[in-house]
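Residue-level listing of the chains:
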2 protein chains.
Amino acid sequence: MGNNLLTRDPIPWPEGEGLIAVFFKVKDREEVLEILGGFQPLGEESISLEKAFGRVLSKDVLSPEDLPGFRRSSVDGYAVRAKDTFGSSESLPVFLEIAGEIGMGEVPGVRAGEGQAVKISTGGMLPEGADGVVMVEYCHHLDERTIEVSKAISPEENVIQPDDDFRKGSRVLPKGHPLRPQDLGVLAGLGFSRVDVYRRPKVGIISTGDEVLPVDSKPLPGQVRDINSYTLSGFCEQMGAVPIMMGLCKDRFESLRERVERGLESTDTLWLSGGSSVGTRDLTLKVFESFPGMELLVHGISISPGKPTIIARIGDKALFGLPGHTASAMVVAEVFLAPFLARLSGERPQEGTPYHEIEAELSRNIESASGREEYVRVKLIGKGEGGLIAEPLFGKSGLISTLVEADGLLRVEKNREGLYQGETVNVMFFQQKRGGTL
Amino acid sequence: MGNNLLTRDPIPWPEGEGLIAVFFKVKDREEVLEILGGFQPLGEESISLEKAFGRVLSKDVLSPEDLPGFRRSSVDGYAVRAKDTFGSSESLPVFLEIAGEIGMGEVPGVRAGEGQAVKISTGGMLPEGADGVVMVEYCHHLDERTIEVSKAISPEENVIQPDDDFRKGSRVLPKGHPLRPQDLGVLAGLGFSRVDVYRRPKVGIISTGDEVLPVDSKPLPGQVRDINSYTLSGFCEQMGAVPIMMGLCKDRFESLRERVERGLESTDTLWLSGGSSVGTRDLTLKVFESFPGMELLVHGISISPGKPTIIARIGDKALFGLPGHTASAMVVAEVFLAPFLARLSGERPQEGTPYHEIEAELSRNIESASGREEYVRVKLIGKGEGGLIAEPLFGKSGLISTLVEADGLLRVEKNREGLYQGETVNVMFFQQKRGGTL
C-alpha cells in the first residue's frame, strides 16, 4: 500500500492498542460464543411464585405429591359402575337409580352401588363404587330418582387418576427452564409458593466519548446525545436482565478506570460502548489492561458491523468494549450478548432452531464480498398469501434511522459472496411482544 | 336422543343459564375477535424514557430537530476537499498538508484549505472547507506535516449529512408502536427524556370454585390448589399487562358479586376463571347479569377446548368468564386475550404474519371431526438439518402436565377433518424469551 519507507508509525493507525492487542487475531463468531460459554451461571435465590414469571429454575422441580391426588371426573355427568352401562344404547337405554349428588370440593358422602348413579360435576371427586362417568349428554331424567343412560362407557372412562398429572417424585420441570405462565400454574398446583431460581444478571452500562452528552442536554455542533445507554438498557430488559445505567464518561483514563472499578464491585458484567473513535477504543483497552489479572479474550470479531469489539475477563466477570455506532452495538448484542445473558441466567440450551428466527423471502440480491460474516438490517413485509418478504435496508454506516425501520437482522455467512433475490432466509427478528393485535 | 316425554327439565343440563344465554348462539373465532375489536385503547400517560421499554406510543413521534445536526465523519481518517484527491491511486498518490486535528465533540478550530487535510475520528465534525473524508487505510504519513493519499474520494464520501438520520418534523415512530431497545436509543438521541404512552392494562384475576384452595394450603381429597390465577397472572406479565390477583372466591352469588364490583372499580378488565363445573359457570353469568347495563357479548365460542367462555361488557370494561380447565383457559388466552390486551395497550396491528407463529412439520396424523376449530398442544423438536417437528401431545382433558410439556398450540381449522403427517403447520409458540443460549 504505497511506499512507507518514510512512515514514522510502523502501524499507521490505530496507533497505541497496547502490546497484547497487536498480536491478537480477530476471532470468528463460533470462537467468541465458545469463549463466552466459559462463564458460569450466577448464584441462586428463592423468590415468591408471584414474582417468578420469566425467571430460570436453578434446580429440577420434583413433584412433592400425586396430582390431582384423588380420582376426578373430567366431565359433567353421572358417576357409575361402568359394567352397569354395558350394552346400553339410544335404542336400548339402561335405567339407573340416582343415589345422590357430589358437591365440588367435597369428599363424596354417597357411594355408587350396583345399578346406581351419582351426579357429579367436572373436577368432582369420584364416589366409592364408581369407576367411570357418563357424560350428561347421554343421561335423561325419567323422574327425580331415575336416569336413563343411552351410552355404554368403559371402566375409568372420563376419570382422571390420582397421579395422572404428576406422580410423587417425578420431574415436573428441569433446572435451567425459564418459567412460562403455565409453569407457574403447575407450580401453584403442586403447592410451591416459593421457587429457587438463578439471579437475574445485573449489567453495568457505561457510555464513553467526549462528544456524548446526557439525553436532556442541548448538543452543540460536534456533540451528540447518549443513544447507546438507552438501547443497551432496553436490550437488557428484553432479555430479563437488570440494566444499571452508570452514566457517561469522558475519554480520560482515570475517570473511566474509576467507573469500571465501581462497576466491577456492583454488577455481574460491564458493557462499555465507545464513542465511535479509535481513541476511545484504545482507552477502553488500556483501562481493562490496568486491572491485575485481566485476561483479554477477544480483540476484534470477524463480523460486519461489529468488528471492533473487545471482550475481557477480570475475576469472574466479563467486560465488553462495544462499538460506538449503535447499529453495530446492536448486532453484537443480538449475536453475542443475548446468549451470554441467557448463560449468566442459567438458561439451558433449547432444542431445535432458535425460536427468534423467522423465515422470509429475500426481496433483492445482497452482495457481500467482505470475507466476514455480515449482518444486514431488514424490514419484514407480509405477503398476501401468508409468509414474509425480507427487504434489506441499506444506508450509511452510523445511521440509527435504518435501525428503527428494521424488523430484524439477516446473516450472510462468511463463505457466501451474497444472497439471491427470492432465496429463503432466516431473519433474527427484533419483535419482543407475543400475540397478535385486533 | 331417547324418549324424554317424562323429562322434567326441558334442557337437560346446563339448567339455569338464564334467559339471555338460552337464546345465544355460539360464536366463531372471527366473530369474537371482531367483538373484542370494539373496545378502545386505555388512556395515556407520560413516563420517563428509562421506564419505557415495551410500552406503546400514544402519539406519533416527530423529530424536533435534524439528527445528527452537523456534518459528521463516518470513518477514521482525514477530512479533505474531494477534488484534491481526484486521480490519486496507489501508484500515483497525492500529497496533502496536515492542517490540524479535530477533537471529538469539538467545533473544528481549523479549516481544510486547498491541498490540506485535517485528521478526524469517526463521529467527528467536518471542518469548514472539507467535503469528504479519506479513510485512514489510504493515508500514509510522510512527515509530521504531510500525508500521502492513495485513493480518490467523491464529494460527500464518508460524510453523514446533518439530516441524514432524521429531518426536523419528520415522523420517527408511529403511534401504536411498542418501544424496542433501538427505539429508546433513537428517542434519547433526539432528546426525549420523557415519552407519551398508553397505560398498561390492569387485569383483575379472580379464581372461583368451592374446590379451589390457596397455593400454600394442603388440599383434602376433592380439593385442588389455585392454578389459574398464577397462569393468567404470568400471561399478563408476558403481554406487558399488570396482573392484579384478586384471590379466590367461593361459588356464592353475594361474595362473587362483591368481588366483581370491586374489580370493576380498580381494574381495566376482569378475568374470572371458573372451577370447572357448570354450576360455577352459571353463577358467573348470573353475577354479570346483575350489573345494570350489562351486555352479554359472547356465550360460548366454537373452539375446542375453550367453548364455555363468556364475555360481557359492563360500562367500558370487558369481563371474561374463562373455562376452569387451565389448558382450556390458556387456549382462550392465546387466541383472544393476547390480541385483546394488545388492543387495550393501543398496539397497532402489524403487517404480515403474526410473529409468534412458527412453521413445523407435523409428526403424525391428527383427527378432528368436531366441526369446531381445534387447538392441539404440540411439542417442538429440532430436526437435524434445521427446521422443527411438531409432535402433538394428547391426554385426558383437564390435565396440566401436557401443558408443561407443550411448546405451543396448533390450530386445526373448522373445515378440516384433520391434519396429515408430514404437513407443514403453523405453531403458535409459548416461548417468551429471545436469543439463543450458550
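It should be emphasised that the depicted structure is a prediction, and the values quoted were computed from it without experimental measurement. (Residues numbered from 1 in each chain as written. Chains lettered and ligands numbered in written order. Predicted model: local features only at pLDDT ≥ 70, side-chain atom pairs only at ≥ 80, totals over all residues.)

Asker: Can you lay out the overall build of chain A for me, pointing to particular residues and giving the numbers?
Answerer: Of the regular secondary structure elements, chain A holds 9 helices and 28 strands. Against the 2.2 N^0.38 benchmark of 22 Å for 438 residues, chain A shows a C-alpha radius of gyration of 32 Å, more extended than a compact globule. Once the C-alpha set of chain A is aligned to its principal axes, its extents read approximately 110 × 50 × 40 Å. The burial tally for chain A puts 54% of its 438 residues in the buried class. (Helix = DSSP H or I, 4+ residues; strand = E, 2+ residues; numbered from the N terminus. Rg over C-alpha atoms; globule rule 2.2 N^0.38 Å. Buried ≥ 20, exposed ≤ 12 C-beta atoms within 10 Å, placed from the backbone.)

Asker: Can you break down the sheet that holds strand β16 (residues 242-249) of chain B residue by residue, with the values?
Answerer: Residue and element names in this part refer to chain B. Pairing is mixed across the open sheet formed by 6 strands, whose spatial order is β16-β13-β17-β21-β20-β18. Of all the strands in the sheet, the pair left with one neighbour each is β16 and β18 (295-299). Strand-to-strand twist across the sheet, computed as the mean angle between neighbouring axes with direction ignored, equals 20°. Pairing of strand β20 (residues 310-314) with strand β21 (residues 317-322), which is carried by 5 bridges, proceeds in the antiparallel orientation. Within β21, the residue paired with I314 across the bridge is K317. (Pairing = 2+ DSSP bridges. Axes fitted to C-alpha atoms, helices over the stretch in contact; angles between N-to-C directions.)

Asker: I'd like a description of helix α7 (residues 278-289) of chain B, backed by residues and values.
Answerer: One turn of the α-helix equals 3.6 residues, which is why residues spaced by three or four share an orientation. Taking 1.5 Å of rise per residue, 12 residues should cover 16 Å, and α7 of chain B covers 17 Å from first to last C-alpha, within 8% of that figure. Summarising burial for α7 of chain B: 9 of the 12 residues are buried, a large majority. (Expected span 1.5 Å × (residues − 1).)

Asker: Hey, could you go over the nonpolar core for me, with residue numbers and the actual values?
Answerer: Ranked by internal contacts, the top residues of the largest apolar core, which has 241 residues, are Y78, A79 and V427 of chain A together with Y78, A79 and V427 of chain B. Aside from chain neighbours lying at most four places away, what touches Y78 of chain B is A117, V118, K119, I120, V133, V134, C139 and I147 of chain B. (Core = buried A, V, L, I, M, F, W, Y, C linked by C-beta atoms within 7 Å. Contact = placed C-beta atoms within 7 Å.)

Asker: If you had to explain the sheet that holds strand β6 (residues 116-120) of chain A to someone new, which residues and values would you point to?
Answerer: Residue and element names in this part refer to chain A. Spatial strand order, β7-β4-β6-β5-β9-β8: 6 strands in an open sheet with mixed pairing. The sheet is open, and its two edges are formed by β7 (132-135) and β8 (139-143), each paired on a single side. Put simply, the sheet's adjacent strands are angled 40° from each other on average, direction ignored. Here 4 bridges tie strand β4 (residues 77-80) to β6, and the two strands are oriented antiparallel to one another. Bridge pairing in β6 links G77 to I120.

Asker: Break down the confidence of the model for chain A for me, citing the residues and quoting the values.
Answerer: Atomic detail in the predicted coordinates should be set aside for any region of low pLDDT. All names here are of chain A. Here chain A averages 89 in pLDDT, while 90% of its residues score no lower than 70. Across residues 1-21, where pLDDT falls below 50, the model places 34 contacts with residues more than four positions away in sequence or in other chains. The complex model carries a pTM of 0.91, and its ipTM stands at 0.90. (pLDDT = per-residue confidence, 0-100.)

Asker: Would you mind going over the domain arrangement of chain A in detail, with residue names and values included?
Answerer: Per the domain assignment, the segments of chain A are domain 1 (18-42 + 199-344), domain 2 (44-67 + 164-198), domain 3 (72-160) and domain 4 (357-429). Taking only C-alpha atoms into account, the centre of domain 2 of chain A sits 39 Å from that of domain 4 of chain A. (Domains from an automatic or database assignment.)

Asker: Which residues make up the pairing of strand β17 (residues 269-273) of chain B, and what are the values?
Answerer: Residues and elements named next belong to chain B. Of all 5 residues that make up β17, 5 are buried, and the element is covered over most of its length. A two-sided burial pattern is seen for β17, the buried positions comprising T269, W271 and S273 on one face and L270 and L272 on the other. Pairing geometry for strand β13 (residues 202-208) and β17, over 5 bridges, is parallel. In the strand pairing of β17, V203 is matched with T269. Pairing of β17 with β21 involves 5 bridges; the strand directions are parallel. Looking across to β21, one finds that L270 is bridged to L319.

Asker: Break down the packing of helix α2 (residues 29-36) of chain B against helix α8 (residues 326-344) of chain B for me, with residues and values.
Answerer: When two helices pack together, their arrangement is given by the angle between the helix axes and by the axis-to-axis distance. Residue and element names in this part refer to chain B. One way to put it is that α2 packs onto α8 with a least axis distance of 10 Å and a crossing angle of 20°. Comparing their axes, α8 and α2 come out roughly parallel. Handedness of the crossing formed by α2 with α8: right-handed. Listed contacts from α8 to R29, V32, L33 and L36 of α2 are V335, F336, P339, F340 and R343. (Parallel < 35°, antiparallel > 145°, perpendicular 65-115°, else oblique. Left-handed = near helix turned anticlockwise from the far one by under 90°.)

Asker: Describe the packing of helix α6 (residues 253-266) of chain A against helix α7 (residues 278-289) of chain A, naming the residues involved and giving the relevant values.
Answerer: Residues and elements named next belong to chain A. Running from N to C, α6 and α7 point in directions that differ by 55°, and their axes come no closer than 10 Å. Of the possible angle classes, the one that applies to α6 and α7 is oblique. In this structure, α6 crosses over α7, and the sense of that crossing is right-handed. Contacts from F253, L256, R257 and V260 of α6 reach α7 at L283, K286 and V287.

Asker: Residues and numbers for unusual backbone geometry, please.
Answerer: Residues and elements named next belong to chain A. Cis geometry marks the peptide bond from S304 to P305; its omega dihedral reads -5°. Positive phi, normally seen in glycine, also occurs at N158, with a value near 60°. Looking at the secondary structure, you find N158 in the loop between β9 (146-149) and β10 (159-160). The buried category is assigned to N158, around which 23 C-beta atoms lie within 10 Å.

Asker: Describe in detail the environment of Y198 of chain B, supporting the description with residues and values.
Answerer: Residue and element names in this part refer to chain B. With respect to the helices and strands, Y198 occurs in strand β12 (residues 194-198). Counting along the chain gives 146 residues from Y198 to L344, while the straight-line C-alpha distance between them is 8.4 Å. Once residues lying within four places of it in the same chain are set aside, the contact partners of Y198 are P41, L42, E44, V56, S58, S345 and G346.

Asker: An account of helix α8 (residues 326-344) of chain A is requested, with residue identities and associated values reported.
Answerer: All names here are of chain A. The end-to-end C-alpha separation of α8 is 24 Å, well short of the 27 Å expected for 19 residues at 1.5 Å each. Helix geometry: α8 is bent most strongly at A333, by close to 45°. Along α8, 19 of the 19 residues are buried, which leaves the element largely enclosed by surrounding structure. (Bend = angle between axes of the 7 residues up to and from the residue.)

Asker: Can you explain the environment of D196 of chain B? Please cite residues and give values.
Answerer: All names here are of chain B. Assignment of secondary structure puts D196 in strand β12. Note: C-alpha distance between D196 and G395 (199 residues apart in sequence) is 47 Å. Not counting chain neighbours up to four residues away, the residues in contact with D196 comprise E44, S46, L57, S58 and K59.

Asker: Any details on the environment of G100 of chain B? Residues and values, ideally.
Answerer: Residue and element names in this part refer to chain B. Note on placement: G100 falls in strand β5 (residues 94-101). The exposure class of G100 is partly exposed, given the 15 C-beta atoms found within 10 Å. Sequence-wise, G100 and L187 are 87 residues apart; in three dimensions their C-alpha atoms are separated by 34 Å. Leave out the neighbours within four places in its chain, and G100 touches V110 and V118.

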